[in-house]
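# Observations on the three-dimensional arrangement
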Amino acid sequence: MRGFVRYLFFLLLPGLVMSCATAPEMPQVKDPSFAARGIKTVALQPVIFRGSTYERPMTYCERDIPNQLRFHLGRFLEQKGYRVKRIDRPPQPHSSLPDPLATENPATVLAQTPMEADAVLVVWVDHYKHLGLCEHVRAKGLEIQATAALFSVAESAEIWRNSASESDFSSGDPVTWVTHRVPLELLLTLPDAP
C-alpha cells in the first residue's frame, strides 16, 4: 500500500508543481510605434450596451455583469503597465434611446476625459444573450460579443481596436467565466504601456 501511495505521489507531483506556478495572464505586446505615443494613463468608461433593452442586463441577477466586465478590463490594463482612471457616469435610463457614446464619435468619447488621462478605453457590448441567469435551473448560459477601442487625447482619434466573443452554457457559473474571458480576449492585442 505504501508503495502505491508513493507511486501516486510521484505521478501527481509534476501536475501539482505546474498548477502552483503562476503564468502571466496577459502576454506582452511590444510595439515601438505605439509606445512613441506616450500613453501611460487610460481612462476607463463604463461598459456600453448597444443593443435594444432586451439585449442588456436588466434584472437583479444580471446587474453586476457590466461592473464585472469593467473590473477585469481595469485589471488587465494594469497588467499591461497602464495607470487606470475610472470615469463615473450617471446611470443611463432603461429606455429605447441609445447611449450617446454608442456612436463612436471621438469628440463624444473624449468629452468626459479626466485631465491626467492620455487615452480613453471604451467597450461596447454588441451582442448579449443570457439563458436562465435569473432562474433556479442547472443550464444557465451567457453569451457576449464586444468591441473595444482606445482613443488618444492628444490625437483626438481612435488609435486601437479589437473585438471578442465568448459564451458559456455548460459550466454552471457562466457570468464568472464570460466576464473574465471577454476583457482578456479584447485586450490581448493592445500594446503594453511604454
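Residues numbered from 1 in each chain as written. Predicted model: local features only at pLDDT ≥ 70, side-chain atom pairs only at ≥ 80, totals over all residues. Heavy atoms only, no water.

### Observations concerning the environment of Leu 186
Relative to the helices and strands, Leu 186 is located in helix α5 (residues 174–186). For the pair Leu 186 and Phe 76, spaced 110 residues apart in sequence, the C-alpha separation works out to 9.8 Å. Excluding its chain neighbours within four sequence positions, the residues that come into contact with Leu 186 are Leu 73, Val 123, Ala 146, Thr 147, Ala 148, Trp 160, Asn 162, Ser 163 and Ala 164. (Helix = DSSP H or I, 4+ residues; strand = E, 2+ residues; numbered from the N terminus. Contact = heavy atoms within 4.5 Å.)

### Digging into the environment of Ser 33
Within the secondary structure, Ser 33 is located in helix α2 (residues 32–35). Measuring from C-alpha to C-alpha, the distance between Ser 33 and Pro 191 comes to 9.7 Å, with 158 residues separating the pair along the chain.

### Overview of the packing of aromatic side chains
Summed over all chains, the structure comprises two aromatic pairs. Ring plane angle 85° and centroid distance 5.7 Å describe the contact between Phe 49 and Tyr 128, whose orientation is recorded as edge-to-face. Placement of Phe 49 in strand β2 (residues 48–49) and of Tyr 128 in strand β4 (residues 119–131) is noted, with a sequence separation of 79 residues between them. On the accessibility criterion, Phe 49 (9% relative accessible area) is buried. (Phe/Tyr/Trp six-rings, centres within 6.5 Å; stacked < 30°, edge-to-face > 60°. Buried < 20%, exposed > 50% of the residue type's maximum accessible area, 1.4 Å probe, protein only.)

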